[in-house]
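Now for the letters of each chain:
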Amino acid sequence: MSREAILTAIRRGLRRGALPADQAAMLRGRLAQHPRQLIPARSRLPHPQQVELFVRNVEKEFGTVARVASAAEVPVAVADYLAAQNLPSELVMAPHSELQAIPWAERPMLSIRQGRAEATDAVAVQHAFAGIAETGTLMFPSAPERPTTLNVLADTAIAVLRTSRLVGAYEEAWDLLRAELGGMPRNVMLVTGPSRSADIEQTLELGAHGPRRLHVVLVDDAG
Amino acid sequence: MHVPTSAAFKQNAHAAIDDPGLQKALARSGPSFIARRAAAAAALPEFEELRNTARDIKNHTLAHLDFYLETYAANVEKAGGTVHWCADAEAAREAVLKICQAAGARTVTKGKSMISEEIAVNDHLEKHGITPVETDLGEYIIQLRHELPSHIIAPAFHLNLEDWEEAFRKSHTDLPADRVFAERRDILTEARTKLRARFLAADVGITGANFLIAETGTSVIVTNEGNGDLTQTLPRVHIVLASIEKVVPTLEDCTSLLRVLARSATGQDMSVYTTFSTGPRRDADLDGPAEYHVVLVDNGRSAMIGTEFQDMLRCIRCAACMNHCPVYGAVGGHAYGWVYPGPMGSVLTPALIGVDQAGLLPNASTFCGKCESVCPVKIPLPGLMRHWREREFERHLTPATQRRNLGLWAWFARRPSLYRMATRAAAFALGVAGRKRGRFARMPFAGGWTQGRDLPAPEGDTFFARYAQAQRDGTLR
């Protein structure tokens, strides 16, 4: 059987048999503790400066950010963004309770469907689980209320993120995920800016297969 | 099938140097990779220390590879996925084909994967009536042109805009012949439209993996285009093709490696899409594949463990070594004759296809050491190439003239005073002759060597003489 053949060949190279029980227990302990390695100091900042670092990094990676004072202002921010970009006001939205609680009806011009994205959807509004200041990265764990297709299929991706969900380093986002979701969801996407390719003459062009635009609506709830 | 032409490296290199299109592409793109990596590394004060961390994580994993692979496989299965252990390329091709056939697949979309090139899975699928479609932009044109990638992260490194236009006009015959390609964006838009239809129609999606995480049974892909995510999200079946050395223990370990990967590769702080996949679609999910398979490939890796080449298994395929290599910069990737070019290819290829086939590759190095100095996991690439040269010499695979010249050199080297006198005289003569221009464009008996490069003229005395002088002057530091 290939599995045994491969493992045997590895052990032969390592000049030992299967790992002794005490060593295996030690490694299992390391997995359970998942120790952090060196974390760059750049994101070790007071929270307001982490928010600023996040915004700077999203913009550096060709994303855009709109900061609003409360969830009630999200519909205006979304409608204004779509109008400014000359985009249709039809969108598909994640069926997430936080997004559902937003008073969308106050902007009746926005036509909203809830669910996963289909090929015909031009604009998607997604719920961001966390933001990572270190590189301006959004974290989207998949769930029935946060379908993966909303991250990649539409031409324009809009993410709604609360500032209280903004952390400094990736490791802090993993801790949030472990604590709140209990284990790995089927899919976790870390997204840093809109889709791009440099395959043609090593020159950067935005909008390869994923979204051409990434817009973050940052809701200030951190106090 | 990709028949390796590594044994013809010399002829390949000559052809490459005489290829104006390739030389244009190399001159355009080479320096920008170097500058972007340097800027990204300089912007992160911990970067050098992170390289040590990355090396240590990989070394720890390789020392316990059997344990981490078993843990990884158990966790994939716990999440509802299937692991197919494959000892060699043939077994891996067969495993992929069987999964595709069981899914009744007609079209298969593919994310960029070097292991897929290594095992030549596309040809195998085509032979059995299944159409593989490469969706990474660079891989897409390579497939249209029936070529191998010339670079491990920029497959179409060797191509110019006119090559793209030509391939697209030839292949997309359903589009108006009089359409205009004014700029790169027009190429990108046409590819996006063409491939969007493929993404939606595919029955199976095949991706590679940058990392496998033992802790969670997760496969990780890193892309900028988003093609990998469409490939693994839309079809009913997702196949992950990964070699055994991709495994790392935890999410934290993977995160540390990600911090050096994009910076070393493209000079980005982070690639656009870093995606962690764990098993198939969960019960109430609205999207994602119903089946999740991992084809876990050995194909020569386990035989490197416990040898001097074990260090090579730390490689995270960032391409920094080839981006900084003067030999790659002069001849491009295709001259290396198989899947992996540049310094990492010169070490890995002989291990995978044999030193008798690929023995010229570790010789195609000036040992300038640039590759090792930028490697994010600190693989001693020149040292490993030297090991291959020794093995080649031991097995009498080195050409007779080379062995004779080495013998001549050894005769001199064993007679230090004679050696010093001869080198001093040569340095003096060359220094006088080349004083004006500082270099020689032509040398007697070395026309082949100077055709593609200049020999710098010695500036004065030999190292030995200068060292001795400095010792006498007391200026030695």
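No experiment lies behind these values; they were computed from the predicted model shown.

## Considerations on the overall build of chain A
Now for step 1: Assigned secondary structure in chain A consists of seven helices and twelve strands.
Now for step 2: With the C-alpha coordinates of chain A rotated into their principal frame, the extents come out at 70 × 40 × 35 Å.
Now for step 3: Across the 223 residues that make up chain A, the buried fraction comes to 46%.
Now for step 4: For chain A, restricting intrachain contacts to residue pairs at least 6 apart in sequence, the fraction spanning at least 24 positions comes to 75%.

## Focus: the sheet that holds strand E10 (residues 291–297) of chain B
Residues and elements named next belong to chain B.
Now for step 1: Spatial ordering of the open sheet is given by E1-E10-E7-E4-E2-E3, a layout of six strands whose pairing is parallel. The outermost strands of the open sheet, each flanked by one partner alone, are strand E1 (82–86) and strand E3 (131–134). Across the sheet, the axes of successive neighbouring strands diverge by a mean angle of 20°, strand direction being ignored.
Now for step 2: Pairing geometry for E1 and E10, over five bridges, is parallel. Bridging across to E10, Thr82 finds its partner in His293.

## Observations regarding the interface of chain A and chain B
Now for step 1: With 57 residues of chain A in contact, the opposing surface of chain B contributes 75 residues.
Now for step 2: Looking at the side of chain A that touches chain B, the elements with two or more residues in it are helix H1 (2–13), helix H2 (21–33), helix H6 (149–152), helix H7 (170–181), strand E9 (187–191) and strand E10 (196–197) of chain A.
Now for step 3: Counting residues per element, the side of chain A that touches chain B draws most heavily on H1(A), at nine residues.
Now for step 4: Grouping the amino acids of the side of chain A that touches chain B by side-chain chemistry returns 26 nonpolar, 19 polar and twelve charged.
Now for step 5: With five bridges joining them, E9(A) and strand E9 (residues 273–277) of chain B adopt antiparallel strand pairing. In the strand pairing of E9(B), A:Val188 is matched with B:Phe276.

## Considerations on the sheet that holds strand E12 (residues 213–219) of chain A
All names here are of chain A.
Now for step 1: Across the sheet, which stays open at both edges, the six strands sit in the order E1-E12-E7-E4-E2-E3 with parallel pairing between neighbours. Strand pairing shows two members of the sheet lacking a second neighbour, strand E1 (64–68) and strand E3 (111–114), which therefore form its edges. Each strand axis lies, on average, 25° off the axis of its neighbour in the sheet, ignoring direction.
Now for step 2: As paired elements, E1 and E12 share five bridges and run parallel to each other. Paired with Val68 across the strands is Val219, a residue of E12.
Now for step 3: Lying on the sheet, helix H4 (residues 74–84) is in contact with E1, strand E4 (123–127), strand E7 (156–162) and E12; it crosses E12 at an angle near 155°.

## Regarding the domain arrangement of chain A
Now for step 1: The domains assigned to chain A are domain 1 (1–35) and domain 2 (45–219).
Now for step 2: Using only C-alpha atoms to locate each centre, domain 1 of chain A and domain 2 of chain A end up separated by 40 Å.

## Quick look at the packing of helix H3 (residues 47–63) of chain B against helix H12 (residues 251–265) of chain B
In a pair of packed helices, the angle between the axes and the distance between the axes together describe the arrangement.
All names here are of chain B.
Now for step 1: The contact between H3 and H12 brings their axes to 9 Å, and the two run at 130°. Viewed along their axes, H3 and H12 adopt a mutual orientation that is oblique. Judged by the twist between their axes, the crossing of H3 over H12 is left-handed. Here H3 contributes Phe47, Leu50, Arg51, Thr53, Ala54 and Ile57 to the contact with H12, which in turn contributes Asp253, Ser256, Leu257, Arg259, Val260 and Arg263.

## Comments concerning the domain arrangement of chain B
All names here are of chain B.
Now for step 1: Per the domain assignment, the segments of chain B are domain 1 (44–299), domain 2 (309–390) and domain 3 (416–473).
Now for step 2: Each of domain 1 and domain 2 has a C-alpha centre, and these two points are 23 Å apart.
Now for step 3: Counting from both sides, the interface comprises 23 residues of domain 1 and, opposite them, 20 residues of domain 2.
Now for step 4: Those elements giving two or more residues to the side of domain 1 that touches domain 2 turn out to be H3, helix H6 (114–118) and H12.
Now for step 5: Per element, the largest residue contribution to the side of domain 1 that touches domain 2 is six residues, and it comes from H3.
Now for step 6: Taken together, the residues of the side of domain 1 that touches domain 2 sort by class into eleven nonpolar, six polar and six charged.

## Considering the pairing of E12(A)
One face of the sheet, then the other: side chains in a regular strand alternate in exactly this way.
All names here are of chain A.
Now for step 1: With seven of seven residues buried, E12 is to be regarded as a mostly interior element.
Now for step 2: Covered by surrounding structure in E12 are Arg213, His215, Val217 and Val219 together with Leu214, Val216 and Leu218, the residues of both alternating faces.
Now for step 3: The pairing of E7 with E12 spans seven bridges and is parallel. If you follow Thr156 over to E12, its bridge partner there is Arg213.

## Focus on the pairing of strand E4 (residues 204–207) of chain B
All names here are of chain B.
Now for step 1: The alternating pattern of E4 places Val204 and Ile206 on one face and Gly205 and Thr207 on the opposite face, and all of these are buried.
Now for step 2: Pairing of strand E2 (residues 107–110) with E4, which is carried by three bridges, proceeds in the parallel orientation. Looking at the pairing, Val108 lines up with Val204 of E4.

## As for the nonpolar core
Now for step 1: Membership of the largest hydrophobic core comes to 186 residues, with the highest contact counts inside it found for A:Ala124, A:Met139, B:Leu257, B:Val295 and B:Val297.
Now for step 2: The residues touching B:Val295, leaving out its near neighbours within four places in the chain, are B:His84, B:Cys86, B:Ala92, B:Ala95, B:Val96, B:Ile239, B:Val240 and B:Leu241.

## Considering the packing of H7(A) against H12(B)
Now for step 1: Following both chains from N to C, one finds H7(A) and H12(B) inclined at 155°, their axes separated by 10 Å at the closest point. In terms of axis orientation, H7(A) runs roughly antiparallel to H12(B). H12(B) is crossed by H7(A), and the crossing has right-handed handedness. Residues A:Tyr170, A:Glu171 and A:Trp174 of H7(A) pack against B:Leu251, B:Glu252 and B:Thr255 of H12(B).
Now for step 2: In terms of residue class, the contact of H7(A) with H12(B) is built from three nonpolar, one polar and two charged.

## Things to note about unusual backbone geometry
Residues and elements named next belong to chain B.
Now for step 1: Backbone geometry places Ala120, a non-glycine residue, at a positive phi of 50°.
Now for step 2: Positionally, Ala120 belongs in the loop between H6 and helix H7 (121–127).
Now for step 3: Look at Ala120 and you get partly exposed, because 16 C-beta atoms sit within 10 Å.
Now for step 4: Notably, Lys378 is not glycine yet its phi reads approximately 55°, a positive angle.
Now for step 5: Relative to the elements of secondary structure, Lys378 occurs in the loop between helix H17 (370–374) and helix H18 (381–394).

## Notes on H12(B)
Residues and elements named next belong to chain B.
Now for step 1: Across its 15 residues, H12 extends 21 Å between first and last C-alpha, which sits within 8% of the 21 Å expected from 1.5 Å per residue.
Now for step 2: With 15 of 15 residues buried, H12 is to be regarded as a mostly interior element.
Now for step 3: A positive backbone phi angle near 80° is found at Gly267, which sits one or two residues after H12.

Basis of the calculations
Residues numbered from 1 in each chain as written. Chains lettered and ligands numbered in written order. Predicted model: local features only at pLDDT ≥ 70, side-chain atom pairs only at ≥ 80, totals over all residues. Helix = DSSP H or I, 4+ residues; strand = E, 2+ residues; numbered from the N terminus. Buried ≥ 20, exposed ≤ 12 C-beta atoms within 10 Å, placed from the backbone. Contact = placed C-beta atoms within 7 Å. Pairing = 2+ DSSP bridges. Axes fitted to C-alpha atoms, helices over the stretch in contact; angles between N-to-C directions. Nonpolar A, V, L, I, M, F, W, Y, C, P; charged D, E, K, R; others polar. Domains from an automatic or database assignment. Parallel < 35°, antiparallel > 145°, perpendicular 65-115°, else oblique. Left-handed = near helix turned anticlockwise from the far one by under 90°. Core = buried A, V, L, I, M, F, W, Y, C linked by C-beta atoms within 7 Å. Expected span 1.5 Å × (residues − 1).

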